[in-house]
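# Coordinate inspection notes
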Amino acid sequence: MPKTKKVLLVANGDQRQSANEVCWPAQRAMEQALTAALAKMGAQLVRAHPFDPARQHGFIQSQKEGMAVFANVDPKAPLIVAEAVWQYSHHLLHGLISHQGPILTVANWSGTWPGLVGMLNLNGSLTKAGVKYSTLWSEDFTDDLFLTNLATWLKTGAVKHPTKHVKPLAKCKVPAAARAVAKKIAADLRRRKSIMGVFDEGCMGMFNAIIPDELLFSTGVYKERLSQSALYYGAMQVPGPEARAVYDWLRAKGMKFHLGPNEATDLTQAQIYQQCQMYIAALRIADEFGCEAIGIQYQQGLKDLLPASDLVEGLLNNSDRPPVANAAGKIILPNQPLTHFNEVDECAGLDGIFTNRVHAALKQPVENTLHDLRWGDWDQSGTTGDYVWVFLISGSAPPAHHVGGYAGTDSLRQPPMYFRLGGGTVRGIAKPGEIVWSRVFVEKGKLKMDLGRAKVITLPQEETDRRWKATTVQWPIMHAVTYGVTRDQMMARHKANHIQVAYANSANEADLAMYAKAALADELGLEVCLCGTKADGKGF
């Protein structure tokens, strides 16, 4: 009788006990399904670390714990990283870097339990670190595609997904007008340079979100490393009347705030005022240091001192926003966004700088933001036969992206599981229109960039509510249909949990904006690929 093949499993989690405890049942169900799938193939799935009854979960919760786990792992054993939740990659990156056996990252396909978001972050981090790995995803781990690929991995130690939708920019026909815009912006960046303000690197263990300085130099962008403690101090120096003026400005624009009396569970006016103080302080610090873009961690460090920064981030990314004066009494960036990259994702920050400059030059909307590539599903309302992605982020989307602008935007308290001190989001439904999506990432020691085209569609409120309830109802949502890129192609190629989006005024103008941004990245030394097709189905 053949010997049963033993496969080890590790489950990485959040640093926050509250999140790990709430998410554990979903992780346990996933592991049971994986165990059953492997058993049918004659393999035994064995946890490399035990369930902790005291903490009521079986996640690795810190880098220290991860190192203790991997110290006792056979370095040549086949290893599955199973993720049904958001995870902090640095908890186990060290162990995966030194692991010699085949590695498989696996995620559940669920909006409620965002394992695929966590896995995409881990995949991007492994790619940057030069670690060989395979990756799979499934709704219930019984579908033929998953099982076929799992059997292949068990037999060969590797799985490769087709990525025929990806085309190097060198093989694409780039319009002369796009090249001209790109050359002009690139020359300015080389000559005048740009400053990216970073409020403490490394949010949530996102190794893939940190660009090594030496890779940035060729783009003309340099980091100004700022401290979140300075942002906290600056926020506390903002007088109350100034903060209230920001709040009053937003309400006059029609933005709605769902307030309540309980600080622990409700969004309170005091939380909003503190967010308004942070907004003012962020603009003043950026002005002082000459930052073209800034990134705030939001989930770590400041979470114990201030409400979440999502309201701040959404306002910064909007051209029409409450005016703030500097120490000399001059309004900072009037009628312009201060590009903000959520969760200090420097790849999104560089992308945001490119986007702002290209769209301004082409007279296209400059507002841009990252979203989580949170989930996707077929439309259950019958409105469209297309596969519709849920692009969702915690609140940093600009109101200009929403149906109705500020009047179509409301603010709800962030979930207490993540944010003890609360804070309001910038929630809305993304307006229909043509968008450019993109992602900067690091692979083999090089800066790279993927770009593609998509459209945002309108779904019935009932279908929107279904998708919101399946994800996070407090956060802004975008219903996106990617051109020429299927669900599995996106998952096979995308090297991050985040995806950058920006609108254009028409399909043709979106194509030109995409070409111009791709050409700009190419001019500045990035390795660029275009993904999918144009809106009409034609190739690039």
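An account of the accompanying structure is given in this report. Computed from a predicted model, the values in this text were never measured in an experiment.

## Here's the deal with the overall build of the chain
Each helix and strand in the chain was counted, giving 15 helices and 19 strands. Whereas a compact globule of 540 residues would reach a radius of gyration of roughly 24 Å, the chain reaches 23 Å, a difference of no more than 12%. The proportion of buried residues among the 540 residues of the chain is 61%. Of the contacts formed within the chain by residues at least 6 apart in sequence, a portion of 79% connects residues at least 24 apart. Of the side chains in the chain, 57 bear a positive and 51 a negative charge, and the two mean positions are spaced by 6 Å.

## Considering the sheet that holds strand E5 (residues 134-138)
Overall, parallel pairing links the five strands, which are arranged E2-E1-E3-E4-E5 in an open sheet. Looking at strand neighbours, the two that pair on one side only are strand E2 (43-47) and E5, the edges of this open sheet. If you compare each strand with its neighbour and ignore which way they point, the axes differ by 30 degrees on average. As paired elements, strand E3 (residues 79-83) and strand E4 (residues 103-108) share five bridges and run parallel to each other.

## Details of the sheet that holds strand E7 (residues 194-199)
Neighbouring strands of a sheet are bound in pairs by backbone hydrogen bonds; such pairs are parallel or else antiparallel. Across the sheet, four strands lie side by side as E8-E7-E10-E11; this open sheet has parallel pairing. The open sheet terminates on both sides in strands that have one partner only, identified here as strand E8 (221-226) and strand E11 (339-340). As paired elements, E7 and E8 share six bridges and run parallel to each other. If you follow Ser194 over to E8, its bridge partner there is Val221. Taken strand by strand, helix H10 (residues 269-289) contacts E7, E8 and strand E10 (293-296), and its axis lies near 125 degrees from that of E8.

## A word on the pairing of E3
Counting buried positions along E3 gives five out of five residues, so the element sits mostly inside the fold. Of the two faces of E3, the one holding Leu79, Val81 and Glu83 and the one holding Ile80 and Ala82 are both buried throughout. Where strand E1 (residues 5-10) meets E3, three bridges bridge the pair, whose relative direction is parallel. Within E3, the position partnered with Val10 by the bridge is Val81. Handedness of the crossover is the feature at issue here: the chain leaves E3, passes through helix H3 (residues 93-98), returns alongside E4, and the resulting connection is right-handed.

## Considering the layout of surface pockets
In this model, the largest pocket occupies a volume close to 890 Å³. For the largest pocket, the lining is made up of 33 residues, of which Val131, Lys132, Tyr133, Glu443 and Lys495 are closest to its centre. Listed by contribution, the elements that provide at least two residues to the lining of the largest pocket are H3, helix H4 (115-129), E5, strand E15 (433-443), helix H14 (487-493) and strand E19 (527-531). The class makeup of the residues in the lining of the largest pocket is 13 nonpolar, 12 polar and eight charged. Estimates place the volume of the second largest pocket at around 400 Å³. Lining the second largest pocket are 27 residues, and of these Pro114, Arg374, Tyr418, Thr472 and Trp475 sit closest to its centre. Looking at the lining of the second largest pocket residue by residue, the classes come out as 14 nonpolar, eight polar and five charged.

## Observations concerning the pattern of salt bridges
Two side chains bearing opposite charge may form a pair once their charged atoms approach each other closely. Enumeration over the complete set of coordinates arrives at 33 salt bridges. As a salt-bridge pair, Asp351 and Lys517 come within 2.9 Å of each other at their nearest N and O atoms. One end of the pair, Asp351, is in helix H12 (residues 346-361); the other, Lys517, is in helix H15 (residues 507-523), with 166 residues separating them in the sequence. Judged by relative accessible area, Asp351 falls into the buried class, the value being 1%. Of the residues examined, Lys517 reaches a relative accessible area of 2% and is grouped as buried.

## Concerning empty space enclosed by the protein
In this structure the tally under the stated criterion is three cavities of 30 Å³ or more. Lining the largest cavity are Asp14, Ala19, Asn20, Cys23, Val85, Trp86, Pro114 and Tyr418. Partitioning the lining of the largest cavity into residue classes produces six nonpolar, one polar and one charged.

## Re the side chain of Thr369
Positionally, Thr369 belongs in strand E12 (residues 368-378). Apart from the residues lying within four places of it in its own chain, the contact partners of Thr369 are Asn317, Ser396, Ala397, Pro398, His401, Ile499, Gln500 and Val501.

## With respect to H10
The end-to-end C-alpha distance of H10, which contains 21 residues, comes to 31 Å, matching closely the 30 Å that a straight helix rising 1.5 Å per residue would cover. Of the residues trailing H10, Gly290 is marked for its positive phi of about 70 degrees.

## With respect to the packing of aromatic side chains
Summed over the entire model, instances satisfying the criterion amount to 12 aromatic pairs. Here Trp24 and Phe59 contribute two aromatic rings whose centre-to-centre distance is 5.4 Å and whose plane-to-plane angle is 90 degrees, an arrangement assigned as edge-to-face. Taken together, the residues span a long stretch of sequence, with Trp24 in helix H1 (residues 17-40) and Phe59 in the loop between E2 and helix H2 (63-70) at a distance of 35 residues. By relative accessible area, which is 2% here, Phe59 ends up buried. One cation-aromatic arrangement involves Arg244 over Tyr273; the distance from NZ or CZ to the ring centre is 6.0 Å.

## Some remarks on the pairing of E12
Most of E12 sits inside the fold, with 10 of its 11 residues counted as buried. When E12 meets strand E18 (residues 498-504), the two strands line up antiparallel, connected through five bridges. For Leu370, the partnering residue across the bridge sits in E18 and is Gln500. Examined bridge by bridge, E12 and strand E13 (residues 387-392) share six bridges and lie antiparallel to one another. Residue Leu373 lies in a different strand from E13, and its bridge partner there is Phe391.

## Description of the packing of helix H8 (residues 228-236) against H10
Where H8 contacts H10, the axes come no closer than 8 Å and their chain directions differ by 115 degrees. Pair H8 / H10 crosses with right-handed handedness. Contacts between H8 and H10 pair Ala230, Leu231, Gly234, Ala235 and Met236 from the former with Gln274, Gln277, Met278, Ala281, Ala282 and Ile285 from the latter. Of the residues in the contact of H8 with H10, the class split is eight nonpolar, three polar and no charged.

Here is what the cut-offs are and how they apply
Residues numbered from 1 in each chain as written. Predicted model: local features only at pLDDT ≥ 70, side-chain atom pairs only at ≥ 80, totals over all residues. Heavy atoms only, no water. Helix = DSSP H or I, 4+ residues; strand = E, 2+ residues; numbered from the N terminus. Rg over C-alpha atoms; globule rule 2.2 N^0.38 Å. Buried < 20%, exposed > 50% of the residue type's maximum accessible area, 1.4 Å probe, protein only. Contact = heavy atoms within 4.5 Å. Lys, Arg positive; Asp, Glu negative; His and termini not counted. Charge placed at Lys NZ, Arg CZ, Asp CG, Glu CD. Pairing = 2+ DSSP bridges. Axes fitted to C-alpha atoms, helices over the stretch in contact; angles between N-to-C directions. Right-handed = clockwise from strand over helix to strand, strands pointing away. 1 Å grid on protein atoms, 1.4 Å probe; cavity = no way out; pocket = protein on both sides within 12 Å on 5 of 7 lines; lining within 4 Å. Points joined across faces, edges and corners; volume = space filled by probe spheres on them. Nonpolar A, V, L, I, M, F, W, Y, C, P; charged D, E, K, R; others polar. Salt bridge = Lys/Arg side-chain N within 4 Å of Asp/Glu carboxyl O. Expected span 1.5 Å × (residues − 1). Phe/Tyr/Trp six-rings, centres within 6.5 Å; stacked < 30°, edge-to-face > 60°. Lys NZ or Arg CZ within 6 Å of the ring centre and 35° of its normal. Left-handed = near helix turned anticlockwise from the far one by under 90°.

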